[in-house]
Amino acid sequence: MKLVIAIISNNDIDAVLGATSTEGFSSTKISTAGQFLTSGQTTVLFGVDEDRLEELFNVIEQNVTNRVLRHKGVESTVAGSLLKKPVDVEEFGAVCFVINVEDFRKL
């Protein structure tokens, strides 16, 4: 068994949760916010059998959209710094982490 921690853009969360539920994946949703991109993300925990891991990734990938956002840059105290200039930042629809689960019980 694997624990998938998926951080999903709020722009895509409804589509992902609907599609994963339809495909029989159970999940727990946790509202979160990132530090750099402030558009909002939701963290979703999925308990998945190892043989369905790629299926879950495919469902997530089909229901998210990568975006390029114009970010205002970061503040700097360095005179003449380019850090305050707007930059284009790619926002991925989801970032996933996979953790091995040693034991799982429903109580």
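Everything numeric here is computed off the predicted structure, so don't read it as measured data.

Student: Tell me about the overall build of the protein, and please be specific about residues and values.
Tutor: Tallying secondary structure elements over the protein gives 2 helices and 6 strands in all. Taken over 107 residues, the protein has a buried fraction of 30%. When contacts within the protein are restricted to residue pairs at least 6 apart in sequence, those whose partners lie at least 24 apart make up 69%.

Student: Could you give an account of the packing of helix H1 (residues 13–22) against helix H2 (residues 53–62), naming the residues involved and the relevant values?
Tutor: Contact pair H1 / H2: the axes reach a minimum separation of 9 Å and the direction vectors enclose 145 degrees. Seen from above, H1 lies across H2 with right-handed handedness. Across the interface between the two elements, Val16, Ala19 and Thr20 of H1 pack against Leu56, Val59 and Ile60 of H2. Its residues placed into classes, the contact of H1 with H2 shows 5 nonpolar, 1 polar and no charged.

Student: Describe in detail H1, supporting the description with residues and values.
Tutor: Residues of H1 that are buried include every one of Ile13, Val16, Leu17, Ala19 and Thr20, and no others. As for H1, its buried residues are in contact with strand S1 (2–9), strand S2 (27–32), strand S3 (41–48) and H2.

Student: An account of the pairing of S3 is needed here, citing residue identities and associated values.
Tutor: Note on strand geometry: in a regular strand, side chains alternate between the two faces of the sheet. Within S3, 6 of the 8 residues are buried, which leaves the element mostly enclosed by the surrounding structure. Two elements, S1 and S3, share 8 bridges in a ladder whose sense is antiparallel. Residue pairing across strands places Ile5 opposite Leu45, the latter belonging to S3. Pairing of S2 with S3 involves 6 bridges; the strand directions are antiparallel. Residue pairing across strands places Thr28 opposite Leu45, the latter belonging to S3.

The rules behind the values
- Residues numbered from 1 in each chain as written.
- Predicted model: local features only at pLDDT ≥ 70, side-chain atom pairs only at ≥ 80, totals over all residues.
- Heavy atoms only, no water.
- Helix = DSSP H or I, 4+ residues; strand = E, 2+ residues; numbered from the N terminus.
- Buried < 20%, exposed > 50% of the residue type's maximum accessible area, 1.4 Å probe, protein only.
- Contact = heavy atoms within 4.5 Å.
- Axes fitted to C-alpha atoms, helices over the stretch in contact; angles between N-to-C directions.
- Left-handed = near helix turned anticlockwise from the far one by under 90°.
- Nonpolar A, V, L, I, M, F, W, Y, C, P; charged D, E, K, R; others polar.
- Pairing = 2+ DSSP bridges.

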